[in-house]
Amino acid sequence: VTNSSVTLAQQKALSDSIQAQLEEAYNHISPLHNPRTAYAKIQDAERLSKKTKDSVDLLRIYRTKALLCHFNSDLENCKKNVSRIKSLLQYCNDPLEIANTYELLFQLQPLPSEKGKDYLLKAYDLFTEYGKPENKIDINYNLALLYNRSKEWNKAVKHAQLGIDAIESSQQKTGMRKYL
């Protein structure tokens, strides 16, 4: 779903601005930082998204809002944003955005959760098919952690190794290696 009155170049520029605002908001989401700054950046992104009316932009905004609410123990608004996220997923054609969304939905579920595990496995399938090695680091870390908690050792070791392999081939997030 996009706004047909906006040119593709304008759409791209607005989406890039939205992404920049959300990345800056993400840096302030933790309660250790300034949630007000994060909220202001999200509001800026929302204003821009009214021009694009792009489902991917809206999905990114609601993911960031849900994470902000989650980290600040605002469970009621977190649930509202998760509901919006789920309704927008059907309009998203980008498999990596969908995978990132499923991974976030896993993170927002209380552990242990079968629903959370399902979200994570959906994300894993999409990252495996469409992602680059750097996309596969966090998902394999989360799966290794999940399987370790459920004492499924073989699966835990498999995903830990896949995470290490992704770190080595991408040379990204090298500090995570010690946790795998």
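In short, a report on the structure. Since we're looking at a predicted model, the values are computed, not measured. (Residues numbered from 1 in each chain as written. Predicted model: local features only at pLDDT ≥ 70, side-chain atom pairs only at ≥ 80, totals over all residues. Heavy atoms only, no water.)

Let's talk about the nonpolar core
Okay, step 1: Counting 30 residues, the largest nonpolar core has I85, Y102, L108, I139 and L143 as its most contacted members.
Okay, step 2: Those elements that provide at least two residues to this core are α3 (55-71), α4 (75-89), α5 (95-108), α6 (114-130) and α7 (136-149).
Okay, step 3: Take this core: its biggest share by element is seven residues, from α5.
Okay, step 4: Beyond its immediate chain neighbours, meaning those up to four positions away, I139 contacts E103, L120, A123, Y124 and F127.
Okay, step 5: Grouped together as the second largest cluster of nonpolar side chains are 10 residues, L22, A25, I42 and L48 included. (Core = buried A, V, L, I, M, F, W, Y, C linked by side-chain atoms within 4.5 Å. Buried < 20%, exposed > 50% of the residue type's maximum accessible area, 1.4 Å probe, protein only. Helix = DSSP H or I, 4+ residues; strand = E, 2+ residues; numbered from the N terminus. Contact = heavy atoms within 4.5 Å.)

Topic: the packing of aromatic side chains
Okay, step 1: A complete count under the given rule lists one aromatic pair for this structure.
Okay, step 2: Arranged with centres 6.0 Å apart and planes meeting at 20°, the rings of Y102 and Y119 form a pair that is stacked. Note that Y102 is positioned in helix α5 and Y119 in helix α6, a separation of 17 residues in sequence. The same class applies to Y102 as to Y119, namely buried. (Phe/Tyr/Trp six-rings, centres within 6.5 Å; stacked < 30°, edge-to-face > 60°.)

A look at the pattern of salt bridges
Okay, step 1: Under the defined criterion, the tally for this structure stands at nine salt bridges.
Okay, step 2: A salt bridge links E76 to K80, with the nearest nitrogen and oxygen atoms 3.8 Å apart. With E76 and K80 both in helix α4 and four residues apart, this pair spans about one turn of that helix.
Okay, step 3: Relative accessible area serves as the criterion here: at 56%, E76 is assigned to the exposed category.
Okay, step 4: Notably, a salt bridge pairs R177 with E168, separated by 2.7 Å at the nearest N-O pair. (Salt bridge = Lys/Arg side-chain N within 4 Å of Asp/Glu carboxyl O.)

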